[in-house]
Amino acid sequence: MRGTGTGPGSSVLTGGEALVRSLAAHGTDLAFGIPGTHNLEIYRHLAPYGIRHLAPRHEQGAGYAADGYARATGRPGVAITTTGPALLNIAAAVGQAYSDSVPLLVVSPGMPLRHSRLATGMLHEMPSQTEAFRHITAFSHRVSSVEEIGAAVARAFTLFRTQRPRPVHIEVPLDLLTAAEPAGAPRVAPPHLPVRPRPEALREAAEALRRARRPALVLGGGAHGAGAEALALAERLGAAVATTANGKGAFPESHPRALGVRLHTAAVQKWLAGSDAVLAVGTELAESDLWSAPPALTGTLIRVDIDPAQMYAVLPADIALVGEARETLRGLRALLDELPRVRDEDGSTTGSAPVDAAALRAEADAGTAGGRDGRRLPFLAAIRSVLPPGTVLTSDSAQCCYYGALPHLPVDPPGRYLHPTGFGTLGYALPAAIGAKAGAPERPVVALSGDGGFQFTVQELATAADLALPLPVVVFDNGGYGEIRDEMAARGDAPVAVDHPPLDLGALARAYGGHGARATTPGALAEALRTALTVPGPTVITVPEPADHREPAHPTEETDL
């Protein structure tokens, strides 16, 4: 690496080089974005500092790809935009990263330092980019000197390493990008130090769990990286384990105590309400997790979260454990092993009353498996039969995902399942899969989507073709926006703008340089998916789901594989 301001090793750098130098100093090896008139000084320095670049076809795709990269690799995702409309294009992805606690860094140019507060008609001008992004990020930082750039980047990575990860926006004024100024020595965020809860709170929680007869564990996105500790604790307590959508993959769903992603079902909510101690790890227990208001808990709620504010959100904690999941669960297990077991009056050891997780899963599925979810189960089983261990699945805000794959497609670590929870954007699955595959090319990656959401970012098939790595995209096609169509029907409304004319998605994939297949049976889906995992580039596998009011657009199976 070198400074180009006044020669090799110089501390006089342009703002663009100072920015790239700071990213490289924090281990950034890949950035997603689209070059534009105002950000070329950033792009000029990426290769000299060893940072690869992947160019999606839309900034929203860049944001989702950086999000998928971050979730799959555990490292912050970096996206580069230009000014104005490009930055606003990535806003939906930033909002999703905020909702799901994803470390995403968006860097962009901004209007010059002394730009008039009055509109001047400058290219991409808007009143305030930082004000727009302040509400969907942990912070939006507009620097005022080249030297400040290093501090701003270090501030972002410090947040990623020490607090609840949220997206960050850094804006470098246009004139600073090309200005050569003293940049100072590179600033680097301090090394990660585990955050541990207060010892007295940890002991209080261990005591409550020790006395519990009906303990429950709920794992959210903050539990990733603590799966082994959660498993050991569940077995020590004899507790069943439910996960949120973001927590899917943190705990092996093949385990006898796993309830999977079924918090939205009446049976699992009843179990949760009747538990005498609920240990909630890295989850908000929010409406997006439960699909309803949370149940009234009768037992002690123990929250584990790195974010102190979560202790008072939705369901306030009875015992607050502010700390990282791995360290906290490890500490709880150690204390439980030290504490004597509770004994009944006759002196016999009292243990928890084990929950029959299999029976509870069956009860939870009874209301849906024969109807709404049932038609997808054979196809999901076919997908499961083909996926290698460690597969990363990405999904969209689609019926086939939240009714289908989330509860009914089991994932075991080291596999991951990336889903846009909370903010609930459409078009996430394909670009997120691209980001995951770019960050972990050795791992199989499969995207799951519906035809409506898929078309929000369908142009990223071209980006996947550029990557030239196997990337299956399974699209369940119900001819439009099936969820909204169903909601209109439930209201007694005539369907409006929810039915799409038939579209040959396989032909579209081929036009973008990929492959297309069609599967009307589970066996055909398994065969197409098995092939798609071996051929370079994206393969769109369409699974037709005819709406009740029409027949499939293409009743025969076709494939070019």
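Residues numbered from 1 in each chain as written. Predicted model: local features only at pLDDT ≥ 70, side-chain atom pairs only at ≥ 80, totals over all residues. Heavy atoms only, no water.

1. Comments concerning the overall build of the protein
Move 1: When you go through the protein residue by residue, the secondary structure sums to 22 helices and 20 strands.
Move 2: Here the C-alpha atoms of the protein give a radius of gyration of 25 Å, agreeing with the 24 Å that 2.2 N^0.38 yields for 561 residues.
Move 3: Projected onto its principal axes, the C-alpha positions of the protein cover 85 × 65 × 45 Å.
Move 4: Buried residues in the protein amount to 57% of all 561 residues.
Move 5: In the structure as shown, the protein presents an accessible area of about 21700 Å², 55% of it carried by carbon and sulfur atoms. (Helix = DSSP H or I, 4+ residues; strand = E, 2+ residues; numbered from the N terminus. Rg over C-alpha atoms; globule rule 2.2 N^0.38 Å. Buried < 20%, exposed > 50% of the residue type's maximum accessible area, 1.4 Å probe, protein only. Areas by Shrake-Rupley, 256 points an atom, 1.4 Å probe, with all protein chains shown as cover.)

2. Some points on the nonpolar core
Move 1: Counting residues in hydrophobic clusters, the biggest one holds 42 residues, and the most contacted among them are Phe-32, Ile-90, Phe-454 and Val-540.
Move 2: What Val-540 contacts, discounting residues up to four positions off in sequence, is Phe-454, Leu-461, Val-473, Val-475, Leu-505, Ala-509, His-515, Gly-516 and Ala-517. (Core = buried A, V, L, I, M, F, W, Y, C linked by side-chain atoms within 4.5 Å. Contact = heavy atoms within 4.5 Å.)

3. Brief notes about the sheet that holds strand β5 (residues 104–110)
Move 1: As summarised here, the arrangement of the 6 strands in space is β3-β2-β4-β5-β7-β6, forming an open sheet in which the pairing is parallel. The sheet is open, and its two edges are formed by β3 (52–54) and β6 (139–142), each paired on a single side. Taken over all neighbouring pairs, the strand axes of this sheet differ in orientation by 25 degrees on average, direction set aside.
Move 2: Bridging between β6 and strand β7 (residues 168–173) involves 4 bridges; their strand directions are parallel. Looking at β7, one finds that Arg-142 is bridged to Glu-171. (Pairing = 2+ DSSP bridges. Axes fitted to C-alpha atoms, helices over the stretch in contact; angles between N-to-C directions.)

4. With respect to the side chain of Arg-166
Move 1: Examined against the element boundaries, Arg-166 turns out to sit in the loop between α7 (146–162) and β7.
Move 2: Within the buried core, Arg-166 has no salt-bridge partner, and the shortest N-O distance to an opposite charge, that of Asp-307, equals 4.6 Å.
Move 3: Reaching out from Arg-166, the side chain makes a polar contact with the backbone oxygen of Tyr-98 at a distance of 2.5 Å.
Move 4: Once residues within four sequence positions are removed from consideration, Arg-166 is found in contact with Tyr-98, Ser-99, Ser-101, Val-102, Pro-103, Leu-104, Ala-138, Leu-159 and Phe-160. (Lys, Arg positive; Asp, Glu negative; His and termini not counted. Salt bridge = Lys/Arg side-chain N within 4 Å of Asp/Glu carboxyl O. Polar contact = N/O pair within 3.5 Å; in protein donor to acceptor, adjacent residues only side chain to side chain.)

5. Examining the pattern of salt bridges
Move 1: Tallied over the full model, the rule gives 23 salt bridges.
Move 2: For Arg-164, the salt bridge goes to Asp-307, with nearest N and O atoms at 3.3 Å. Note that Arg-164 is positioned in the loop between α7 and β7 and Asp-307 in the loop between β13 (300–305) and β14 (319–322), a separation of 143 residues in sequence. Both residues of the pair, Arg-164 and Asp-307, count as buried.
Move 3: Counted as one network, the salt bridges with shared partners bring together Arg-196, Glu-229, Glu-327 and Arg-330.

6. Let's talk about the pairing of strand β15 (residues 392–395)
Move 1: Burial along β15 is two-sided: the face carrying Val-392 and Thr-394 and the face carrying Leu-393 and Ser-395 are both buried.
Move 2: Relative to strand β16 (residues 416–418), β15 runs parallel, the two being bridged by 3 bridges. Among the inter-strand pairings, Val-392 is bridged to a residue of β16, identified as Arg-416.
Move 3: Tracing the backbone out of β15, into helix α16 (residues 399–408) and back to the parallel element β16 gives a crossover that is right-handed. (Right-handed = clockwise from strand over helix to strand, strands pointing away.)

7. Some words on the sheet that holds strand β10 (residues 240–243)
Adjacent strands of a sheet form backbone hydrogen bonds with each other and so pair up, either parallel or antiparallel.
Move 1: Spatially, the 6 strands line up as an open sheet ordered β11-β10-β9-β12-β13-β14, and their pairing is parallel. On the outer flanks of this sheet lie β11 (258–260) and β14, each paired with one strand and no other. Neighbour to neighbour, the strand axes of the sheet diverge by 15 degrees on average, direction disregarded.
Move 2: By the bridge criterion, 5 bridges tie strand β9 (residues 215–219) to strand β12 (residues 277–281) in an arrangement that is parallel. Pairing of Ala-216 across the sheet is with Val-278, part of β12.
Move 3: Lying on the sheet, helix α9 (residues 199–211) is in contact with β12, β13 and β14; it crosses β14 at an angle near 130 degrees.

8. Some details on the packing of α16 against helix α20 (residues 482–491)
A packed helix pair is summarised by two numbers, namely the angle formed by the two axes and the spacing between the axes.
Move 1: Taken N-terminus to C-terminus, the directions of α16 and α20 make an angle of 95 degrees; their axes are 8 Å apart at the nearest point. Here α16 lies roughly perpendicular to α20, going by the angle between them. The residues of α20 that touch α16, namely those facing Gln-399, Tyr-402 and Tyr-403, are Gly-482, Glu-483 and Asp-486.
Move 2: In terms of residue class, the contact of α16 with α20 is made up of 2 nonpolar, 2 polar and 2 charged. (Parallel < 35°, antiparallel > 145°, perpendicular 65-115°, else oblique. Nonpolar A, V, L, I, M, F, W, Y, C, P; charged D, E, K, R; others polar.)

9. Thoughts on the environment of Lys-248
Move 1: Along the chain, the position of Lys-248 falls in the loop between β10 and β11.
Move 2: Separated by 200 residues in sequence, Lys-248 and Pro-48 place their C-alpha atoms 39 Å apart.
Move 3: Apart from residues lying up to four places away in sequence, Lys-248 is in contact with His-224, Thr-243, Glu-253, Val-261, Ala-405, Leu-406, Leu-409, Pro-410, Val-411 and Tyr-417.
Move 4: Side chain to side chain, Lys-248 and Glu-253 meet in a polar contact 2.7 Å long.

10. Comments concerning helix α13 (residues 325–338)
Move 1: With 14 residues, α13 should cover 20 Å at 1.5 Å per step; its first-to-last C-alpha distance of 20 Å lies within 8% of that length.
Move 2: What α13 keeps buried is the set Ala-325, Glu-327, Thr-328, Leu-329, Gly-331, Leu-332, Leu-335 and Leu-336.
Move 3: Where α13 is buried, its residues contact α9, α10 (227–237), β12, β13 and β14. (Expected span 1.5 Å × (residues − 1).)

11. Describing the packing of aromatic side chains
Move 1: Inspection of the entire model under this criterion finds 7 aromatic pairs.
Move 2: With 5.5 Å between their ring centres and 75 degrees between their planes, Phe-157 and Phe-160 make a pair best called edge-to-face. One end of the pair is Phe-157 and the other is Phe-160, both in helix α7 and 3 residues apart, which spans about a single turn. Here Phe-157 and Phe-160 have matching classes, each one buried.
Move 3: Ring geometry for Trp-291 versus Tyr-403: centroids 5.8 Å apart, planes at 70 degrees, classification edge-to-face. (Phe/Tyr/Trp six-rings, centres within 6.5 Å; stacked < 30°, edge-to-face > 60°.)

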